[in-house]
Amino acid sequence: DSHIQYERVGADVTMKCGSMDWDAAVTWTANGTDIDESHLNGSYLILKNVNLSQSGQYSCYEGSSWHLKYQTNLRVGMPPKEPVLMCRSNNYPKGFYCSWHLPTPTYIPNSFNISVIHGTKDMVCEKDAIPKNRCHIRYIQLFSTVKYKVTLTVTNALGKNFTTLTFDEFAIVKPDPPESVVAKPVPNNPRRLEVSWQNPSSWPDPESFPLKFFLRYRPLILDQWQHVELSDGTSHTITDAYAGKEYIIQVAAKDSDIGTWSDWSVAVHATPWTEEPKHLTTEAQITETTSASTSSFMAPPTTKICDKGAMVGSGAMAVCWTAGLVVAAYSVLFI
Amino acid sequence: MAAADSPSAALRRDLCSRGIRLAGKMRADVVDLLDAYVEQQGLDASASVAAVEGVPLAAVERWDEQTGTQRLLENLVAYRAFRALLAQMLEEQREQLGEADAGLGRALAAVLLQVSAFVYHLEELLRLESRGIPGEEGDGPPPPPRLSLFEQKLRGLGVLRELAQWAVRSVRDLRQLAKPSPATGAAPGLAESP
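Residues numbered from 1 in each chain as written. Chains lettered and ligands numbered in written order. Predicted model: local features only at pLDDT ≥ 70, side-chain atom pairs only at ≥ 80, totals over all residues. Heavy atoms only, no water.

*Asks:* Give a description of the domain arrangement of chain A that names residues and reports values.
*Replies:* All names here are of chain A. The domain architecture assigned to chain A consists of domain 1 (3–77), domain 2 (84–167) and domain 3 (179–270). Of the roughly 560 Å² buried between domain 1 and domain 2 on both sides combined, carbon and sulfur atoms contribute 76%. The largest contributions to the domain 1 side of the interface with domain 2 come from Tyr6, Leu52 and Gly77, which together make up 67% of the buried area. Linking domain 1 with domain 2 are 0 salt bridges, by the criterion used here. Our count for the contact surface shared by domain 1 and domain 2 stands at 0 residue pairs in polar contact (both at pLDDT 80 or more). Among the secondary structure elements, those contributing two or more residues to the side of domain 1 that touches domain 2 are β1 (2–8) and β8 (68–77). Grouping the amino acids of the side of domain 1 that touches domain 2 by side-chain chemistry returns 3 nonpolar, 1 polar and 3 charged. (Domains from an automatic or database assignment. Buried area = accessible area lost by both parts, 1.4 Å probe. Salt bridge = Lys/Arg side-chain N within 4 Å of Asp/Glu carboxyl O. Polar contact = N/O pair within 3.5 Å; in protein donor to acceptor, adjacent residues only side chain to side chain. Helix = DSSP H or I, 4+ residues; strand = E, 2+ residues; numbered from the N terminus. Nonpolar A, V, L, I, M, F, W, Y, C, P; charged D, E, K, R; others polar.)

This is the structure in structure tokens:
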């Protein structure tokens, strides 16, 4: 008969070959591979200080006939540590959800049981299909001062553990971050950025339960954030941006009256409007066409043909070496 | 939105926004008062206080299904009760501590004033809807037996906690009231008979 056997990491495991006598001649295999006789005590298989890699299928065969006498699926694992539980209402006033996880894996199957008590009333937390470790509750009462008590128990074949959370209705209200954050430059305004966003779609009734917002922004090159709190509206114009610098901008939301701030939204980047430098555009175009086609040393009159670093001499007689070359070349031509 | 806002609809909206601001300020002050109260009375802030007789509970089922009239009436009954409870707390405070806790007494008196103002505000809103304002039932329930000092403190904690809850609920109630109804431009629920 095949069955599952759960053992703790570090335990000593003794496996009997079904109903075979201790002194019967048997062969044990682990996942099809013969196990050395040194692990046997008579017909018993002894595994000392088992570790995770020793999980697998163990089979015992009668010596001569090679009949399968016993089979077990050994699963090495651990009893659960205290689970981590979190409850939050991101859809107030509809309800709240609780989600949980284990701080370290157990390597064997676990089952979770959650109980929610409001005062003396038991409430049912409906498990979500996805994600697995989550359940949700609809509020029956609103504005209650009576606390909610949520107990999560996790059980597996090697033990159980639990944790309890107690909170009141207002404390767990935390919206999802604002959505669709957009930041745009404002034409002809080198110090402005227009930011707009939307209420998180999970917030069911922003009209009756309005959100307030917190905007933070900084140029990429600086570490210090600027903050603006907005009691309503889903847009804001930044008016003190540094000209020409790229900004990073985020928004958070909170119910106007209760609960805590959401996480920050996805960050958006934007650079304020800058004026196109017109003269540089024209010169650059001319330089490109001229240098491609001409073989003479004649430089176009408007182009700056040397920079400060290439100057030779000083005062009125300062001449850049490129200009000097041009003059020298012409001199040669006219000799 | 209706093409032309009727004067009464505009007045209702105005009363609602002022009421929301009043309730918001009241809540902030009650929360501060709660902190001071807990500290000065030597109480544990996380202590569970059983529902005390005579303290109106803010907890409500099917809140979203309430009519506008229901909201106003429940608020009115609650704040009238708080007005009496706070007055009683103020008197007990003065008896207990005299001058030692003038700050707490002043804060209590300030909140009592705001509660009275809110009662008046609610009566205005009801009058606007041509709703009869229910008379106050004499002194309400008979005065409770004299409580021990500790029992008084716990009851005070319960009163303030429930009042803070009510202040939040009132803001939500007034926002619901202020919503224009699609057909008539009147706030939803107020046109319906109870």
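Structure's up, so let's keep going.
*Asks:* Explain the packing of aromatic side chains residue by residue, including any values.
*Replies:* Scanning the model with the defined rule gives 19 aromatic pairs over all chains in all. Note on Phe209 of chain A and Trp63 of chain B: the rings are 5.6 Å apart at their centroids and 65° apart in plane angle, and the pair reads as edge-to-face. Remark: Trp63 of chain B occurs in the loop between β1 (60–61) and α2 (68–97) and Phe209 of chain A occurs in the loop between β19 (189–198) and β20 (211–219); the pair is interchain, linking two chains. The class of Phe209 of chain A is buried, set by a relative accessible area of 1%. (Phe/Tyr/Trp six-rings, centres within 6.5 Å; stacked < 30°, edge-to-face > 60°. Buried < 20%, exposed > 50% of the residue type's maximum accessible area, 1.4 Å probe, protein only.)

*Asks:* Outline helix α1 (residues 7–40) of chain B, listing residues and values.
*Replies:* Helix length check: α1 of chain B, at 34 residues, gives a terminal C-alpha distance of 48 Å against a target of 50 Å (1.5 Å per residue), a fit within 8%. Just beyond α1 of chain B, the residue with positive phi is Gly42 of chain B, at close to 65°. (Expected span 1.5 Å × (residues − 1).)

*Asks:* Please give an account of the interface of chain A and chain B that cites residues and values.
*Replies:* Put simply, an interface is often sized by how much accessible area is lost when its parts join up. At the interface, 18 residues of chain A touch 17 residues of chain B. Around 1,600 Å² of area is buried between chain A and chain B when both sides are counted, 53% of it from carbon and sulfur atoms. Contact with chain B buries area across many residues of chain A, yet Phe143, Thr145 and Asp257 of chain A alone supply 39% of it, more than any other trio. Counting across the interface, chain A meets chain B through 5 salt bridges. The residue Asp255 of chain A makes a salt bridge to Arg172 of chain B at a minimum N-O spacing of 3.0 Å. Scanning the region where chain A abuts chain B turns up 12 residue pairs in polar contact (both at pLDDT 80 or more). Of the residues in the side of chain A that touches chain B, the class split is 8 nonpolar, 5 polar and 5 charged. (Contact = heavy atoms within 4.5 Å.)

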